[in-house]
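Chain and residue survey
Residue-level listing of the chains:
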Amino acid sequence: MSETVSEPSAPADPRAPLRVRHDTRMRLLTVEAITDITPRMRRFRLTGDMAGFASLGHADHIKAFFFPEGVEPKTPPIGPRGAEFAPGERPEMRDYTPRYWNVAEGWIELDFVLHGDGPASGWAAAASIGSTLVIGGPRGSLVVPAAFDWYLLAGDETALPALGRRIEELPAGAPILAVIEVEDEAEEQRFETKAALTLRYVHRKGLPAGNNSLLLDALRTAAFPLGAAYAYIAGEAAMAQALRAHLTEERGFDPAYIKAAGYWRLGVADAHEDH
Ligand SMILES: Cc1cc2nc3c(=O)[nH]c(=O)nc-3n(C[C@H](O)[C@H](O)[C@H](O)COP(=O)(O)OP(=O)(O)OC[C@H]3O[C@@H](n4cnc5c(N)ncnc54)[C@H](O)[C@@H]3O)c2cc1C
């Protein structure tokens, strides 16, 4: 696999995030194991040829392909503009976070929120051992150096895989404040880490996902450690934007050290955006 480092051209700032491009590969994988890690979060272990797979950033994503009824999932050829499909065979595509993987053993694990609507959530609800899934990528990684005084992580269930990776991957003693919105106590996940983690969950308890101010309220009242922080925010797009605005306008965060990703948008299918 070839990798090219495209940024930064002048690596003066040891905190500057680094973008790494990967060759895009398509893989046809088979479901080997299914685990409900919480009632609304289903983990799939998929097996197949993982040669060349690389994911250097906690917030990397693969594209998962969901084919129309009756179309056999298969890896498409890659043309100049990406994957090429025959007319009528174009699948829906959604982004998922590589949670764990092993190239030599040929497997990857993806965690799906069972939110109940859409081709990806529908696939996750219905798939069984032996089901197949085509994935592509990651096409690139954003690597945020562990060079900050502390790390703020915030998001909803869709961000749990990315937040979990960051919590597990940061070095021993790195101070992390993680504030995560889930439905209720049963949806809380715990993480193995040597970092100095403060983990707070907020519960919707029936409030609508993507249409509440729980995370914003939690951040507003949170006491932050001193020093330079990197903030990673992900989840419903309006929520991510509101949290970003709070950090830059009211808490003095440097916009260069915030990544706020809209992982989905309330009421809109196939929506994702970065701020
Ligand atoms: C970089 C990136 C990484 C991601 N990683 C993960 C991951 O690891 N695991 C994961 O579960 N998701 C992840 N997501 C989010 C996931 O891609 C979206 O939730 C996606 O919309 C799901 O597709 P769908 O087909 O189920 O629903 P869609 O067809 O996209 O949407 C159908 C309806 O469901 C609503 N909806 C979508 N997602 C949710 C939700 N979570 N809760 C409530 N309503 C929702 C939409 O507003 C819409 O009304 C990631 C997104 C990005 C951009």
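Residues numbered from 1 in each chain as written. Predicted model: local features only at pLDDT ≥ 70, side-chain atom pairs only at ≥ 80, totals over all residues.

**What to know about the overall build of the protein**
For the record, the criterion: Elements are defined by DSSP. Helices are runs of H or I of four residues or more, strands are runs of E of two residues or more, and each kind is numbered from the N terminus. With C-alpha atoms as the basis for the radius of gyration, the globule rule is written as 2.2 Å multiplied by the number of residues raised to the power 0.38. Residues are called buried when their C-beta atom has 20 or more other C-beta atoms within 10 Å, exposed when it has 12 or fewer, and partly exposed otherwise; all C-beta atoms are positioned from the backbone. Contact between two residues is assigned when their C-beta atoms, built from the backbone, lie within 7 Å.
Across its full length, the protein holds 4 helices and 18 strands. Against the 2.2 N^0.38 benchmark of 19 Å for 275 residues, the protein shows a C-alpha radius of gyration of 19 Å, consistent with a compact globule. Taken over the C-alpha atoms alone, the protein extends approximately 55 × 50 × 35 Å along its principal axes. Taken across its 275 residues, the protein has 31% of its residues classed as buried. Intrachain contacts of the protein at a sequence separation of at least 6 include 68% that bridge at least 24 residues.

**Comments concerning the site of the ligand**
For the record, the criterion: Residue proximity rests on one test: whether the C-beta atom, placed from the backbone, lies within 6 Å of the molecule or strand. All residues other than Ala, Val, Leu, Ile, Met, Phe, Trp, Tyr, Cys, Pro, Asp, Glu, Lys and Arg, Gly among them, are scored as polar; the first ten of these are nonpolar and the last four charged. As used throughout, domain bounds are those supplied by an automatic or database domain assignment.
Close contacts around the ligand come from 27 residues, with T97, H115, G118, A120 and S121 the closest. Mapped by element, the contributors of at least two residues to the shell around the ligand are β8 (92-96), β10 (107-113), α1 (119-126) and β17 (258-264). Broken down by class, the residue content of the shell around the ligand amounts to 12 nonpolar, 9 polar and 6 charged. Looking at the shell around the ligand, you find at least three residues from each of domain 1 (3-140) and domain 2 (146-274).

**Side note on the environment of T248**
Structurally, the position occupied by T248 is in helix α4 (residues 237-250). Taking the number of C-beta atoms within 10 Å as the measure of exposure, T248 has 15 and is therefore partly exposed. In the structure, T248 is positioned 90 residues away from T158 in sequence and 23 Å away in space, judged by C-alpha atoms. Apart from the residues lying within four places of it in its own chain, the contact partners of T248 are F253, P255 and I258.

**Here we look at the sheet that holds strand β11 (residues 132-136)**
Rules: For two strands to be treated as a pair, DSSP must find no fewer than two bridges joining them. As a rule, the C-alpha atoms of each element are fitted with a line to give its axis, helices using only the stretch in contact, and angles between N-to-C directions run from 0 to 180 degrees.
The sheet built from 7 strands is open, its strands ordered β8-β5-β11-β3-β4-β10-β9 with antiparallel pairing. This sheet does not close on itself; its edge strands, each paired only once, are β8 and β9 (100-102). Taking each pair of neighbouring strands and ignoring which way they run, the sheet shows an average axis angle of 35°. As defined by bridge partners, strand β3 (residues 26-38) adjoins β11 across 5 bridges and the pair is classed as antiparallel. Looking at β11, one finds that T30 is bridged to T132.

**Digging into the domain arrangement of the protein**
Taken domain by domain, the protein consists of domain 1 (3-140) and domain 2 (146-274). Computed from C-alpha coordinates alone, the two centres of domain 1 and domain 2 are separated by 22 Å. Residue-level contacts link 18 residues of domain 1 with 23 residues of domain 2. Of all the secondary-structure elements, those providing two or more residues to the side of domain 1 that touches domain 2 are β3, β8 and β10.

**Here's the deal with the environment of A209**
If you trace the backbone, A209 turns up in the loop between β15 (196-203) and α3 (214-220). Measuring from C-alpha to C-alpha, the distance between A209 and E236 comes to 8.1 Å, with 27 residues separating the pair along the chain.

**What about unusual backbone geometry?**
Geometrically, the link from G137 to P138 is a cis peptide bond, its omega value of 0° lying close to zero. Tracing the backbone shows P138 in the loop between β11 and β12 (140-143). The phi dihedral of K205 is positive, around 45°, even though this residue is not glycine. Within the secondary structure, K205 sits in the loop between β15 and α3. Here the phi dihedral of D270 falls at roughly 55°; this positive angle occurs in a residue that is not glycine. Within the secondary structure, D270 is located in the loop between β17 and β18 (273-274).

**Quick word on α4**
The line we're drawing: By definition here, a helix of n residues has an expected span of 1.5 Å times n minus one. An arc is given here, and it is the one of the directions from the helix axis to the C-beta atoms.
The terminal C-alpha atoms of α4 lie 20 Å apart, and with 14 residues this matches the ideal 20 Å at 1.5 Å per residue to within 8%. Along α4, the positions that sit buried rather than exposed are A237, M239, A240, L243, R244 and L247. Around the axis of α4, the buried residues are gathered within 165° of arc, so they sit on the same side. Facing away from the buried surface of α4 by more than 90 degrees, the exposed residues are E249 and E250. Looking one or two residues past α4, G252 carries a phi angle of roughly 70°, positive in sign.

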